[in-house]
Amino acid sequence: MTLLTGAYVAGTSPVHRAPAGLKLVLLAVGCTALVFARSLPLVGAAAVGVVALYALAQVGWRAAWGQLRPLRWLVVVLLVVQVLIADVPTAVALTARLVLAVALAALVTLTTRTTELMAALERALSPLRRFGVDPARVSLLMSLALRSVPVVAGIAGRIREARWARGRERSVRAFAVPLVVGVLRHADAMGEALQARGLDD
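Residues numbered from 1 in each chain as written. Predicted model: local features only at pLDDT ≥ 70, side-chain atom pairs only at ≥ 80, totals over all residues. Heavy atoms only, no water.

(A) How the structure looks around the side chain of S13. Its place among the elements puts S13 in the segment before α1 (14-17). Given a relative accessible area of 4%, S13 falls into the buried group. A polar side-chain atom of S13 sits 3.3 Å from the main-chain carbonyl oxygen of A57. Those residues within four positions of S13 in sequence are excluded, and the remaining contacts are L56 and A57. (Helix = DSSP H or I, 4+ residues; strand = E, 2+ residues; numbered from the N terminus. Buried < 20%, exposed > 50% of the residue type's maximum accessible area, 1.4 Å probe, protein only. Polar contact = N/O pair within 3.5 Å; in protein donor to acceptor, adjacent residues only side chain to side chain. Contact = heavy atoms within 4.5 Å.)

Written out as structure tokens, the structure reads:
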């Protein structure tokens, strides 16, 4: 996958056809609503809504799982920690809200080309131009950050699986060093791609 191609899955569903700006606004509204959905019934209703949106988008469950799979270890750790410091319903609700927020963001990237997202962000940030802000560069930075999250999570997941296979799951060094090296390699490759496009100045 080349730089800025994102995880877009071609389609003609209503979700695909919706304007990128509208999807970003609805994403912000949905994530804000999840913050206040603290009870299990509300979280369950939100989950049904997210599943319905994925079904409407018709992106395929394999593509959807591909976006969420890198976070599985983080979800497990978060759930265990929350169970230890709070009650089980609270832990489940909090973890589920995180998964649903990520799923909503993933749905936007699965149904929207990166160029369309960047254009929408540029339009939203255009009022800041008067303060010396370059909307194009800011939107590029935000898009790169959005793409880097699953990449870093995927690197961490592969390292953790390799540690378990070697019986070194308790070694912090065996996890931290490969993770830093992997992230630096990804950053270096991204920097070279940006430089090739004349965006390094």
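(B) Local environment of the packing of helix α2 (residues 20-36) against helix α6 (residues 88-111). Running from N to C, α2 and α6 point in directions that differ by 175°, and their axes come no closer than 9 Å. It follows from the interaxial angle that α2 and α6 lie roughly antiparallel. Listed contacts from α6 to K23, L24, L27, G30, C31, L34 and V35 of α2 are R97, L100, A101, L104, A105, V108 and T111. Tallied by class, residues from the contact of α2 with α6 come to 10 nonpolar, two polar and two charged. (Axes fitted to C-alpha atoms, helices over the stretch in contact; angles between N-to-C directions. Parallel < 35°, antiparallel > 145°, perpendicular 65-115°, else oblique. Nonpolar A, V, L, I, M, F, W, Y, C, P; charged D, E, K, R; others polar.)

(C) Focus on the pattern of salt bridges. Following the criterion strictly, the structure yields one salt bridge and no others. A salt bridge links R113 to E116, with the shortest nitrogen-to-oxygen separation between them at 4.0 Å. Of the residues examined, R113 reaches a relative accessible area of 41% and is grouped as partly exposed. (Salt bridge = Lys/Arg side-chain N within 4 Å of Asp/Glu carboxyl O.)

(D) Quick peek at the UniProt feature "transmembrane region" (unreviewed entry) in the protein chain. UniProt annotation of "transmembrane region" (unreviewed entry) refers to residues 41-61, 73-92 and 98-121 when read in the numbering used here. Helix and strand shares over residues 41-61 are 86% and 0% respectively, and the end C-alpha atoms of the span are 24 Å apart. Between the C-alpha atoms that bound residues 98-121 the distance is 23 Å, and the span itself is 92% helix and 0% strand. (UniProt positions renumbered as here; feature names shortened; annotations may be inferred.)

(E) Molecular detail of the nonpolar core. Grouped together as the largest cluster of nonpolar side chains are 20 residues, with contacts concentrated most on V50, Y54, A57, V59, L100 and L104. For this core, the elements supplying multiple residues, two or more each, are α2, α3 (40-57), α6 and α7 (114-125). In terms of residues, this core owes the most to one element, α6, which gives eight residues. Setting aside its immediate chain neighbours within four residues, L100 contacts L34, V43, A46, A47 and V50. (Core = buried A, V, L, I, M, F, W, Y, C linked by side-chain atoms within 4.5 Å.)

(F) Molecular detail of the packing of α2 against α7. It is at 8 Å that the axes of α2 and α7 come closest, and there the two elements cross at 75°. Of the possible angle classes, the one that applies to α2 and α7 is roughly perpendicular. On α7, the residues that touch A20, G21 and L24 of α2 are E116, L117, A120 and L121. Class assignment of the residues belonging to the contact of α2 with α7 gives a composition of five nonpolar, one polar and one charged.

(G) Here's a closer look at α2. When the terminal C-alpha atoms of α2 are compared, their 25 Å separation across 17 residues agrees well with the 24 Å that a helix rising 1.5 Å per residue should span. Among the residues making up α2, those that are buried are A20, K23, L27 and L34. All buried residues of α2 project into a common sector of 50° when viewed along the axis, lining one side. Along α2, the residues that are exposed and aim more than 90 degrees away from the buried face are L26, V29 and F36. Residues of α2 that are buried in the fold lie against α1, α3, α6 and α7. (Expected span 1.5 Å × (residues − 1). Arc of directions from axis to C-beta.)

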